[in-house]
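# Residue-level structure breakdown
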Amino acid sequence: AQSVAQPEDQVNVAEGNPLTVKCTYSVSGNPYLFWYVQYPNRGLQFLLKYITGDNLVKGSYGFEAEFNKSQTSFHLKKPSALVSDSALYFCAVRLYGNNRLAFGKGNQVVVIP
Amino acid sequence: GAVVSQHPSWVICKSGTSVKIECRSLDFQATTMFWYRQFPKQSLMLMATSNEGSKATYEQGVEKDKFLINHASLTLSTLTVTSAHPEDSSFYICSAPGQGAWNEQFFGPGTRLTVL
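Anyway, here's the lowdown on the structure attached to this text. All figures in this text were calculated on a predicted structure; none of them were measured in a lab.

With that settled, the discussion passes to the interface of chain A and chain B. Counting from both sides, the interface comprises 21 residues of chain A and, opposite them, 22 residues of chain B. Counting each side, the surface lost to burial between chain A and chain B is near 1,800 Å², with a carbon and sulfur contribution of 55%. For the pair chain A and chain B, the interface holds two salt bridges. Of the charged contacts in the structure, one is a salt bridge between Lys49 of chain A and Glu104 of chain B, with a shortest N-O distance of 3.2 Å. Our count for the chain A to chain B interface comes out at six residue pairs in polar contact (both at pLDDT 80 or more). If you list the elements that add at least two residues to the side of chain A that touches chain B, you get β5 (32–38), β6 (44–50) and β10 (87–94) of chain A. Among the elements that line the side of chain A that touches chain B, the one with the most residues is β5 of chain A, at four residues. Residue composition of the side of chain A that touches chain B, by class: eleven nonpolar, five polar and five charged.

Structure below.
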């Protein structure tokens, strides 16, 4: 069964420092991976996706993620965190031909001024 | 990107009443929509897949008679929580996939349901 794991509950980072949110996946077949962000009492906003091609994917708001097949990981990164990046981040995986998404448990990111 | 709306954004109701939540794709058609439930600071739990013109597909453990889903048109799906109880209080989110197999899902803003 397809699944993703986000091992950390909360990520604390000082403003201006690099931000990394970890995600590992388990799928049979080619993975299609996504990152979403959720602000309080709001729906999810799409950040970026990996379908095929370059392992480094650039997305919205300065975020990027690196697909690593050997480590089955898709970590989200931002070189310099902003206070406004404080939110809940979800990694998700989908199989081709199946629109259903499996979400990780989410990571609360807290950027400290 | 495509826009998905939900109505209402929040609702408070008495125990035993039914509540209807609407999910609309505003600038695209969606033959499929998804309904999720989210508890505070937790992940999204897929409840069901709404299919235009046919019955919804429910995930294991989700009561069909409790959570009625109707996909009335290519832009509208509704979730009705019947005979709501306090344990049904939650944040309900819908989503619709973009065109093509490679596109991300577009999420509605969510509906906060509080059952007294």
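Turning our attention to the nonpolar core. By size, the foremost hydrophobic cluster in this structure holds 27 residues, and its most contacted members are Leu19, Trp35, Leu47, Leu48, Phe74, Leu76 and Tyr89 of chain A. Residue assignment for this core shows that the elements contributing at least two residues are β2 (10–14), β3 (19–21), β5, β6, β8 (64–68), β9 (73–78), β10 and β12 (107–112) of chain A. The greatest single-element share of this core, amounting to four residues, is contributed by β10 of chain A. Residue contacts for Tyr89 of chain A: discarding those within four places in its chain leaves Gln6, Trp35, Tyr36, Val37, Leu47, Phe63, Leu76, Gly106, Asn107 and Val109 of chain A. Of all hydrophobic cores here, the second largest spans 26 residues; its members include Ala56, Tyr58, Ile69 and Leu113 of chain B.

Glancing now at unusual backbone geometry. In this structure, the amide linkage connecting His7 of chain B to the following residue, Pro8 of chain B, adopts the cis form with an omega of 0°. A positive phi angle, near 60°, is found at Tyr61 of chain A, a position not held by glycine. In this model, Thr72 of chain A sits at a positive phi of 45°, which is unusual for a non-glycine residue. Relative to the helices and strands, Thr72 of chain A is located in the loop between β8 and β9. Given a relative accessible area of 30%, Thr72 of chain A falls into the partly exposed group.

Moving on, we come to the packing of aromatic side chains. Residues and elements named next belong to chain A. All chains considered together, the criterion is met by 14 aromatic pairs over all chains. Ring centres 6.1 Å apart and planes at 85° place the aromatic pair Phe90 and Phe103 in the edge-to-face group. One end of the pair, Phe90, is in strand β10; the other, Phe103, is in strand β11 (residues 102–103), and 13 residues separate them in sequence. For the residue pair Phe90 and Phe103, the accessibility class agrees, reading buried in each case.

All names here are of chain B. Checked against the element boundaries, Asn51 lands in strand β5 (residues 44–51). For Asn51, a relative accessible area of 17% corresponds to the buried category. If we ignore the near neighbours within four places in the chain, the residues touching Asn51 are Thr31, Thr32, Ala56, Thr57 and His71. At 3.5 Å, the side chain of Asn51 forms a polar contact with the side chain of Thr57.

Let's shift gears to the pairing of β10 of chain A. All names here are of chain A. Judged by how many residues are buried, β10 sits mostly within the fold: eight of eight residues are covered. Sheet analysis places β5 next to β10, joined by seven bridges and oriented antiparallel. Looking at the pairing, Val37 lines up with Tyr89 of β10. Bridge count between β10 and β12: three bridges; the pairing is antiparallel. When the bridges of β12 are listed, Ala87 appears paired with Val109. As defined by bridge partners, β10 adjoins β11 across two bridges and the pair is classed as antiparallel. For Val93, the partnering residue across the bridge sits in β11 and is Ala102.

Rules used in this analysis
Residues numbered from 1 in each chain as written. Chains lettered and ligands numbered in written order. Predicted model: local features only at pLDDT ≥ 70, side-chain atom pairs only at ≥ 80, totals over all residues. Heavy atoms only, no water. Contact = heavy atoms within 4.5 Å. Buried area = accessible area lost by both parts, 1.4 Å probe. Salt bridge = Lys/Arg side-chain N within 4 Å of Asp/Glu carboxyl O. Polar contact = N/O pair within 3.5 Å; in protein donor to acceptor, adjacent residues only side chain to side chain. Helix = DSSP H or I, 4+ residues; strand = E, 2+ residues; numbered from the N terminus. Nonpolar A, V, L, I, M, F, W, Y, C, P; charged D, E, K, R; others polar. Core = buried A, V, L, I, M, F, W, Y, C linked by side-chain atoms within 4.5 Å. Buried < 20%, exposed > 50% of the residue type's maximum accessible area, 1.4 Å probe, protein only. Phe/Tyr/Trp six-rings, centres within 6.5 Å; stacked < 30°, edge-to-face > 60°. Pairing = 2+ DSSP bridges.

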